Amino acid sequence: MAKKTDNRIKDEELYEELRDEGNSKQKSARIANAAARDGRSKVGERGGKAGNYEDWSKHELLERAREIGINGRSTMNKNELIDALRNS
């Protein structure tokens, strides 16, 4: 049986699957809500279009980290920013 989660999660089943895979709560919620809004196949089609973070400048990584609310980003080096973005 699925665990009780916040009522802002629109696709509880997908959210729980993503959490079981080891994804963060925030990332799981974003994906589950996008899937509920647009359909799972549409969300899957969009995946992988962000490009390779290693090709981004540190400034671009900082801006993206700011957009999604990663704490401590100002003290991170480029590799730490990449890890934080991938695991958010």
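Note that the coordinates shown come from a computational prediction; the quantities given were computed from them, not determined experimentally. Every residue gets a number counted from 1 within its own chain, in the order that chain's sequence is written. Selection of residues for local features in this predicted model requires a pLDDT of at least 70, selection of side-chain atom pairs for listing and counting requires 80 or more, and totals for whole chains, interfaces and linings are taken over all residues. Only hydrogens and water are set aside when side-chain values are computed; all heavy atoms of the structure are taken into account.

1. Let's talk about the overall build of the chain
Looking only at helices and strands, one finds 5 helices and 0 strands in the chain. Labels follow the DSSP assignment, with helices taken as runs of H or I lasting at least four residues and strands as runs of E lasting at least two, numbered in each case from the N terminus. In sequence order, the secondary structure elements of the chain are arranged as α-α-α-α-α. Out of the 88 residues belonging to the chain, those deemed buried represent 28%. Residue contacts are counted whenever heavy atoms from the two residues lie within 4.5 Å of one another. Of the contacts formed within the chain by residues at least 6 apart in sequence, a portion of 29% connects residues at least 24 apart. Under the scheme applied here, a residue whose accessible area is under 20% of the maximum for its type counts as buried, over 50% as exposed, and between as partly exposed, the area being computed with a 1.4 Å probe on protein chains only.

2. Structural notes on the environment of Asn 23
Looking at the secondary structure, you find Asn 23 in the loop between α1 (12-20) and α2 (25-38). According to the relative accessible area criterion, Asn 23 is buried, its value standing at 17%. The sequence separation of Asn 23 and Ser 88 amounts to 65 residues, and the corresponding C-alpha distance is 7.9 Å. Polar contact criterion, stated in full: a pair of N or O atoms within 3.5 Å, where within protein one must be able to donate a hydrogen and the other to accept it, and residues adjacent in sequence count only if both atoms are side-chain atoms. At 3.0 Å, the side chain of Asn 23 forms a polar contact with the backbone oxygen of Leu 18.

3. Description of a negative patch on the surface
A surface patch of negative charge is lined by Glu 13, Glu 17, Asp 20 and Glu 21. Structurally, Glu 17 is set in helix α1. Exposure above 30% relative accessible area and no salt bridge define the residues that can form patches, which grow by joining like charges within 9 Å and nonpolar side chains of Val, Leu, Ile, Met, Phe, Trp and Tyr within 5 Å. What sets the accessible areas is the Shrake-Rupley method with a 1.4 Å probe; for residues, cover comes only from the shown protein chains. The rule for a salt bridge is simple: a side-chain nitrogen of Lys or Arg has to be within 4 Å of a carboxyl oxygen of Asp or Glu. We count Lys and Arg on the positive side and Asp and Glu on the negative side, and we leave His and both chain ends out. To locate a charge, take NZ of a lysine, CZ of an arginine, CG of an aspartate or CD of a glutamate.

4. Regarding the side chain of Asp 11
Among the structural elements, Asp 11 can be located in the segment before α1. For Asp 11, a relative accessible area of 14% corresponds to the buried category. A polar contact of 3.1 Å, which involves the side chain of Asp 11, links it to the backbone nitrogen of Leu 14. Ignoring sequence-local partners within four residues, the contact set of Asp 11 consists of Ala 32, Asn 33, Ala 35, Ala 36 and Arg 40.

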